[in-house]
Amino acid sequence: MTYNNIYFEELGVTAEFTTFSPEGKTMERHAILHVEPHGELFAQQISRLQEAEEKFLALAPTLKKVFKRYFFSDIVNQAPCVPADNSCTTCFIQQPPLDGSKVAVWIYLQEAEDITCKDGLTIVKNNGYKHYWQMGMYETQGNSYTQTQVMLFNYEEMLENHGMTIERNCIRTWFFVRDVDILYKGMVEARKANFFSHGMTENTHYIASTGIGGVPQDTKSILVLDTYAIKGIANNQQQYLYAPTHLNPTSEYGVTFERGTVVEFGDRKHLYISGTASINNKGEVVHVGDIIKQTRRMWENVETLLAEGGATFNDVMQIIVYLRDPADYNTVKDMFKEKFPETPFVITLAPVCRPQWLIEMECMAITPNASKEHRDF
């Protein structure tokens, strides 16, 4: 694992990125690009950001884009100004970057035998596996319950068309919910009903997930759904993370997601840590009203989940930080820069699903592995 950052001075853009590149094995890279505000209109910021992206991608031409997620400050007015990119699946979400800019972007890149994107679905074929990334799904009719139902049904239909099921193959989901304090409940109830219909209960397993505030581009949409699934893995290639000393099962407070999931390949392990906040193993919010203590407890919870999966913070590829109150930005930014001086991260304005939670984070990590039981990534 290597950490780097490049400052494109003429563009005022910084690319923070991590690379996992075992000798003779498939390379992976996560990057977060930040654009300096310069007091400009959005058009100038996105132009500089995309020019920097092109320069960044040219540095490693063997790496191809798998997905991108844009974080906008005003999605309705800004998203139409972004040129279409049909080379990978893309999510547009209003979660304003809190560094004063109007936009930031997270990009995942990979070497592979074949990477194709069609109709918003990226399929990565490599070493007998097929990876399916579908980002930015939304619906425009009905309430949050109905829209969640329809999105999940459409997603399951895609999986079925490719010989997969949601309970067997889906590894990770993200639900971005408009007005999360009010509309999150409908999403939770619809997801729970859907999972139950597929045999997913507290006695089987759920799916690693983040459910967080975020505004869709379409004004009639309440939610946006991002997903990741794998075809070609065996049952024993997935491990679910619980950290019972620090966290309780999510089913105890009526939600249905895993705290984290590990996918084991012959040469590496991927860890997907769900959105995690300042909570204890009784399901209680810890350190109400104190952003500093909540941040530290959140780190402790994530660190415990990583340890259960055989990883540490040194294995983390990228971090997304969600804040309820933008006034806490400088405090949290300084804390993260001190603790994670090299890890790419972005801090956005995105209320967590419980009003008393001031902050939440999610991350992905990769650790080396040496298993003859499974094929390499």
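Everything quoted here is computed from the prediction, not taken from an experiment.

## Quick look at the packing of aromatic side chains
- What the rule picks out here adds up to 20 aromatic pairs.
- Ring plane angle 85° and centroid distance 5.1 Å describe the contact between Y129 and F265, whose orientation is recorded as edge-to-face. Here Y129, found in strand β9 (residues 129-137), pairs with F265, found in the loop between β14 (260-264) and β15 (268-276); they are 136 residues apart in sequence, far enough to count as distant. Per residue, the accessibility class of Y129 equals that of F265, and both read buried.
- Relative to Y228, the ring of W133 lies with its centre 3.9 Å away and its plane at 10°, an arrangement referred to as stacked.

## With respect to empty space enclosed by the protein
- One pass over the full model with this rule turns up 2 cavities of 30 Å³ or more.
- Counted as a void, the largest cavity has a volume near 120 Å³.
- Along the wall of the largest cavity there are 15 residues; nearest its centre are Y253, F257, G275, C353 and E360.
- Every element with two or more residues in the lining of the largest cavity is listed here: α5 (180-197), β11 (208-213) and β15.

## Quick look at helix α3 (residues 144-161)
- For α3, which comprises 18 residues, the first-to-last C-alpha distance of 26 Å matches the rise-based estimate of 26 Å (1.5 Å per residue) to within 8%.
- Summarising the contacts, the buried residues of α3 are in contact with β8 (121-126), β9, α4 (166-169), β10 (170-177), α5 and β12 (223-231).
- The first or second residue beyond α3 is G163, which carries a positive phi of 75°.

## Points about the sheet that holds strand β17 (residues 345-349)
- Strand order across the open sheet formed by 6 strands is β13-β14-β15-β18-β16-β17, with mixed pairing between neighbours. In this open sheet, the two edge strands, each paired with only one partner strand, are β13 (238-241) and β17. Adjacent strand axes in the sheet meet at a mean angle of 10°, parallel and antiparallel pairs treated alike.
- Pairing between strand β16 (residues 316-323) and strand β18 (residues 359-368): 7 bridges, direction antiparallel. Each residue of the ladder has a partner; that of Q318, found in β18, is M364.
- Strand contacts of helix α7 (residues 329-339): β16, β17 and β18, with the helix running at about 165° to β17, the strand carrying the most contacts.

So, how was this worked out
Residues numbered from 1 in each chain as written. Predicted model: local features only at pLDDT ≥ 70, side-chain atom pairs only at ≥ 80, totals over all residues. Heavy atoms only, no water. Phe/Tyr/Trp six-rings, centres within 6.5 Å; stacked < 30°, edge-to-face > 60°. Helix = DSSP H or I, 4+ residues; strand = E, 2+ residues; numbered from the N terminus. Buried < 20%, exposed > 50% of the residue type's maximum accessible area, 1.4 Å probe, protein only. 1 Å grid on protein atoms, 1.4 Å probe; cavity = no way out; pocket = protein on both sides within 12 Å on 5 of 7 lines; lining within 4 Å. Points joined across faces, edges and corners; volume = space filled by probe spheres on them. Expected span 1.5 Å × (residues − 1). Contact = heavy atoms within 4.5 Å. Pairing = 2+ DSSP bridges. Axes fitted to C-alpha atoms, helices over the stretch in contact; angles between N-to-C directions.

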